[in-house]
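Below, each chain spelled out in residue letters.
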Amino acid sequence: MTKWKAFLPLLFSVVVLGCKPEPYTVEAGFTNGSTTGRHIVSKMTITTLSGGRANFAMGSVSGYPGAHSGGGKIDAPAYIEGEWAKGNPEPSSGLISYHRISAPIPDNAEAKMKTMDNYYQNLDRDYGSMQVIVDGPRVRVFYTKDCSITLDNCTPKVGADPNGWVVKDPKGVRDVVVLFDGKGESSPTPFPSASATTSEHLQKANSPE
């Protein structure tokens, strides 16, 4: 019995040290859009802190918040990788520039998501939206609880955002936190390293209708 009593603290420490804390996750729909007209997004992947990968590539997108998919549970984004092209404003006139990005997402993304989740006094909603927005070479990643100033009570809690992270979306209607805002590489022609699938998508998009 004495030997077991001496062994228990060691066993407990092994169990505690061997367990990783669960990542902070949210239930979110995924959107992919633009505030500057038609884009073809052939690849857009976000890797999360836990190593999960979420696909935000939704082909031809135009407008904000853009195309939508069901999404699911996701933890904080850690890395973004994508390939896309900007459409000519003229109808049926192809693509005018090509872009790609491979970049880390700032490590305060999780803190920003927690701020958004605890921002409102009266909004009882356990889901949100993760949004990837492309505008030429610029890429932004937003997280929002989809609280509409015209439909919901969006009164914030006192002191809920001491860092000033919560801002209005591009339409000025909903609150978002910006998890990433950066620029990718640009080219007047498709990148030589583009995958076969990417090249096929861009070729079809660039063909006159």
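Rules behind the numbers
Residues numbered from 1 in each chain as written. Predicted model: local features only at pLDDT ≥ 70, side-chain atom pairs only at ≥ 80, totals over all residues. Heavy atoms only, no water. Pairing = 2+ DSSP bridges. Helix = DSSP H or I, 4+ residues; strand = E, 2+ residues; numbered from the N terminus. Axes fitted to C-alpha atoms, helices over the stretch in contact; angles between N-to-C directions. Phe/Tyr/Trp six-rings, centres within 6.5 Å; stacked < 30°, edge-to-face > 60°. Buried < 20%, exposed > 50% of the residue type's maximum accessible area, 1.4 Å probe, protein only. Lys NZ or Arg CZ within 6 Å of the ring centre and 35° of its normal.

Novice: Help me out: how do you make sense of the sheet that holds strand 10 (residues 166-168) in this one?
Specialist: The strands that make up a sheet are held in pairs by hydrogen bonds between backbone atoms, and each pair lies either parallel or antiparallel. The six strands lie next to each other as 5-1-8-9-11-10, forming an open sheet whose pairing is mixed. Both outer strands of the open sheet, strand 5 (67-75) and strand 10, are each paired with one neighbouring strand and no more. Across the sheet, the mean angle from the axis of one strand to that of its neighbour is 35 degrees, orientation sign disregarded. Judged from the seven bridges that link them, strand 1 (residues 25-33) and strand 8 (residues 127-135) form a sheet pairing that is parallel. Directly across from Gly 33, in strand 8, lies its bridge partner Ile 133.

Novice: Explain the packing of aromatic side chains here, please?
Specialist: The description of an aromatic ring pair uses the distance of the two centres, along with the angle that the planes make with each other. Inspection of the entire model under this criterion finds three aromatic pairs. Geometrically, the ring pair formed by Tyr 64 and Phe 142 is edge-to-face, given 6.2 Å between the ring centres and 70 degrees between the ring planes. Of this pair, Tyr 64 sits in the loop between strand 4 (59-61) and strand 5 while Phe 142 is found in strand 9 (residues 138-144), placing the two residues 78 residues apart along the sequence. Its relative accessible area of 3% is what places Phe 142 among the buried residues. When the ring centre of Tyr 24 is taken as origin, the NZ or CZ atom of Lys 114, which lies over that ring, is 5.2 Å away.

Novice: In this structure, what is going on with the pairing of strand 11 (residues 175-183)? I would like to understand it.
Specialist: When a strand is regular, its side chains alternate between the sheet's two faces. Pairing between strand 9 and strand 11: six bridges, direction antiparallel. When the sheet's bridge partners are listed, Val 141 is paired in strand 11 with Phe 180. Here three bridges tie strand 10 to strand 11, and the two strands are oriented antiparallel to one another. Its bridge partner lying in strand 11, Lys 168 is registered against Asp 175. The hairpin formed by strand 10 and strand 11 contains six residues between the paired strands, and Gly 172 there has a positive phi angle of roughly 70 degrees.

That's the geometry; what it means functionally is another story.
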